[in-house]
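Descriptive structure summary
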Amino acid sequence: MKTESQSLPPLTLAAASFAALGSEQRLSVLRSLVRAGPDGLSIGELGERTGVTGSTLTHHLKMLNAAGLVRQQRQGRSTICAAVAYAEVQALAHFLLTECCADAAAPCKDHDHG
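Residues numbered from 1 in each chain as written. Predicted model: local features only at pLDDT ≥ 70, side-chain atom pairs only at ≥ 80, totals over all residues. Heavy atoms only, no water.

Take the overall build of the protein chain next. Along the backbone of the protein chain there are 5 helices and 3 strands. When the helices and strands of the protein chain are listed from N to C terminus, the series reads α-α-β-α-α-β-β-α. In the protein chain, which comprises 114 residues, the share counted as buried stands at 31%. The contacts in the protein chain between residues at least 6 apart in sequence include a share of 54% that link residues at least 24 apart. Split by element, the accessible area of the protein chain, about 7600 Å² in all, is 53% carbon and sulfur. (Helix = DSSP H or I, 4+ residues; strand = E, 2+ residues; numbered from the N terminus. Buried < 20%, exposed > 50% of the residue type's maximum accessible area, 1.4 Å probe, protein only. Contact = heavy atoms within 4.5 Å. Areas by Shrake-Rupley, 256 points an atom, 1.4 Å probe, with all protein chains shown as cover.)

Our focus in this paragraph is helix 2 (residues 24-36). Structurally, the α-helix is built with 3.6 residues per turn, so residues lying three or four positions apart point the same way. The end-to-end C-alpha distance of helix 2 is 18 Å, a good match for the 18 Å that 13 residues give at a rise of 1.5 Å each. Burial in helix 2 covers these residues: Arg26, Val29, Leu30, Ser32 and Leu33. Considered in projection along helix 2, the buried side chains sweep an arc of 160° and stay on one side of the axis. In helix 2, the exposed positions angled more than 90 degrees off the buried face are occupied by Glu24, Arg31 and Arg35. Gly37 sits one or two positions beyond helix 2 and adopts a positive phi of about 80°. (Expected span 1.5 Å × (residues − 1). Arc of directions from axis to C-beta.)

Before going further, it helps to spend a moment on the pairing of strand 3 (residues 78-83). With 5 of its 6 residues buried, strand 3 lies for the most part within the structure. Pairing between strand 1 (residues 41-42) and strand 3: 2 bridges, direction antiparallel. Bridge pairing links Ser42 to Ile80 in strand 3. Relative to strand 3, strand 2 (residues 70-75) is paired through 6 bridges, and the arrangement is antiparallel. Pairing of Gln73 across the sheet is with Ile80, part of strand 3. Linking strand 2 back to strand 3 in an antiparallel pair, the connection comprises 2 residues, with Gly76 at a positive phi of about 65°. (Pairing = 2+ DSSP bridges.)

Turning our eyes to something else, we now look at the nonpolar core. Membership of the largest hydrophobic core comes to 19 residues, with the highest contact counts inside it found for Val29, Leu33, Leu46, Leu61, Leu64 and Leu69. What Leu61 contacts, discounting residues up to four positions off in sequence, is Val29, Leu33, Ile43, Leu46, Val70, Gln72 and Cys81. (Core = buried A, V, L, I, M, F, W, Y, C linked by side-chain atoms within 4.5 Å.)

Once that is clear, we can look at the sheet that holds strand 3. The sheet built from 3 strands is open, its strands ordered 1-3-2 with antiparallel pairing. One side of each edge strand has no neighbouring strand; the edge strands of this open sheet are strand 1 and strand 2.

As a further point, take the environment of Arg26. For Arg26, the position within the fold is in helix 2. Overall, the relative accessible area of 7% leaves Arg26 in the buried class. Sequence separation of Arg26 and Thr56 is 30 residues, and the distance between their C-alpha atoms is 9.9 Å. Polar side-chain contacts of Arg26 include one of 3.0 Å to the side chain of His60. (Polar contact = N/O pair within 3.5 Å; in protein donor to acceptor, adjacent residues only side chain to side chain.)

Now the structure itself:
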């Protein structure tokens, strides 16, 4: 969810972010970057950890970058990738749960509505 896209309706923003996360490989890439923390990983390290390499990894990073979920930065001869959208990922979860059980006939007792 990029900053310049904030004029779009929340449903549109959520759909774009969920679309970027719509593959097991992209989820694996993002999860590895979240685990690595703010320092991120080189593309080589990321490929080793996820098993996604070459043009496939480049394609997935491009999609995650376009959704504003990761950033890439050159450091010498390496490209470092890092997850940057922790708040956006939390907002996606909130988007799904904010109206949990709102239309249920009886209150839901088996889970927390946060």
